[in-house]
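Examining the three-dimensional arrangement
This is what each chain is made of:
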Amino acid sequence: MGSDKIRVLVVDDIPETRENVRKLLAFESDIEVVGVAGTGHDAIQAAREFQPDIVLMDINMPGLDGISAVEAITQEATAVQVIMMSVQSETDYVRRSMLAGARDFLIKPFTGDELVSTIRRVNRMGQQRAAAMPQQQVMQMVSASGKRMVVPVQTAPPPEGSVIVVFGPKGGVGTSTVAVNLAVALQKPEIKVALIDASLQFGNVDVFLNLHAARSIADISQTINDLDADLITTVITPHPSGLKVLLAPPRPELADLVQPDHLQRIIEEMRQLYDYIVVDTPATLSDMVLTTLDIADRVVLLTVAEVPSIKNTRIFFQVIEALGYSVNKVLLVLNQVDPRNPITAKMIEDNLKHKVALQIPLDADVVNNSIRRGLPFISEQRARPITNALNQLAERLVVELKPAVESAEEAVAEDASRRRGTRFFRQ
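The structure displayed is predicted, hence computed values, not measured ones. (Residues numbered from 1 in each chain as written. Predicted model: local features only at pLDDT ≥ 70, side-chain atom pairs only at ≥ 80, totals over all residues. Heavy atoms only, no water.)

Re the side chain of T177
The topology assignment puts T177 in helix α6 (residues 175-186). If near-sequence neighbours (up to four positions away) are discounted, T177 is found in contact with F208, V367, I371 and F377. (Helix = DSSP H or I, 4+ residues; strand = E, 2+ residues; numbered from the N terminus. Contact = heavy atoms within 4.5 Å.)

Here you go:
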């Protein structure tokens, strides 16, 4: 028990599979297979006996299946982390496994690298979760009227990350381009940044970042009652830049699984994990988008120098005025600025009665090449004016959002309260 190795219990009704998994793990110096089992009932008994850190559990077994066995094991030993194994990859299997207490899901056949990396990641998440558990309150002795007293010491709550929503009231204004590159610009070795694709039906963040993932926000919604940091970390997709991405569902019909209150709960949970959460949104004022606007610390409002876009931007300002949003909450950004366009930023400001906070120049070649290759231009085209503008936007947001003052939280709560009484524009 004094070993630092990750203790693994392998459960599968096929002896060859158990032996193959044992062989795959035999050469890993930090992993030890402490036991095997061929049935669900044997797995429960083996978990009691060996007290493993990780249980690799097959789903389809005779008698007591893997999901039922996981429920029994996690009820007895909450510290055990379970990874399900199955040839079935249907969403229902994943959902039922997560509800039972599993932390990850491996599709057979898997490689040794997939197996090892999953075990290490799930074990690390389990350790982080245990470390984050509320500890017994620290007590200190104080003197009052000559008597010694014991009182609880209150610890300050952990700081919360800031939510930045990128919204354009008209399609084609570059919302996803700005959201993706802004998120990468914010990402630093000492700063944790997440990007959420809230364009649930037709999100393209995966294309912009060349990501291929089997999981999306829909997988969280199906297990929303078990929402915690571990579940989010399991579904999140890492990008080489260090950015963490929560992708939109892979098919439009799966968007219906995600409800506005789900998205709100997910974002609030992610506040505890990341310094900044950037949310890419579609050009609609749906309940889903209104929810993100409510809880946003800053709204980056994109417009372009075209009459339809300016008109929609004016309407948006009328809406947020009716909602009672703080003036400082919205940052008006003029995108795709072309010096040949006769409509200037000054003309737009005069029309909207709002100051343009920043201008992003038009660079169609860079943007189109970036999207085509799935590589954010913010990382590759460092000397381009468009990159400088995005970096300026990131720097401004960092400065404005740096102080985590309570008044900002109160403003968000007030915004949400006012919106609940102002649904005249609901779509």
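There's more to say after this.
Quick look at the pairing of strand β15 (residues 358-361)
Of the two faces of β15, the one lined by L358 and I360 is fully buried and the one lined by Q359 and P361 carries no buried residue. Bridge count between strand β14 (residues 330-337) and β15: 3 bridges; the pairing is parallel. Directly across from V337, in β15, lies its bridge partner P361. In this view, the connection linking β14 to its parallel neighbour β15 by way of helix α13 (residues 345-352) has right-handed handedness. (Buried < 20%, exposed > 50% of the residue type's maximum accessible area, 1.4 Å probe, protein only. Pairing = 2+ DSSP bridges. Right-handed = clockwise from strand over helix to strand, strands pointing away.)

As for the pattern of salt bridges
Charged atoms that come close allow side chains of opposite charge to pair. Throughout the structure, instances matching the rule amount to 18 salt bridges. The shortest N-O distance in the salt bridge between D230 and R103 comes to 3.9 Å. Separated by 127 residues along the polypeptide, D230 in helix α9 (residues 229-235) and R103 in the loop between α4 (91-100) and β5 (104-107) bring together distant segments of the chain. Here D230 matches R103 in class, with each residue buried. If you follow the salt bridges from partner to partner, you end up with D12, D58 and K108 in one network. (Salt bridge = Lys/Arg side-chain N within 4 Å of Asp/Glu carboxyl O.)

Observations concerning the sheet that holds β5
Sheet architecture is open: 5 strands sit in the order β2-β1-β3-β4-β5, paired in parallel fashion. Each end of this open sheet is capped by a strand with a single partner; those strands are β2 (31-37) and β5. Pairwise comparison of adjacent strand axes, ignoring direction, gives a mean angle of 25° for this sheet. Here strand β1 (residues 6-11) pairs with β2 via 6 bridges, running parallel. Each residue of the ladder has a partner; that of V10, found in β2, is V36. Contacts from helix α1 (residues 15-26) reach β1, β2 and β3 (54-58), with the element oriented near 170° to β2. (Axes fitted to C-alpha atoms, helices over the stretch in contact; angles between N-to-C directions.)

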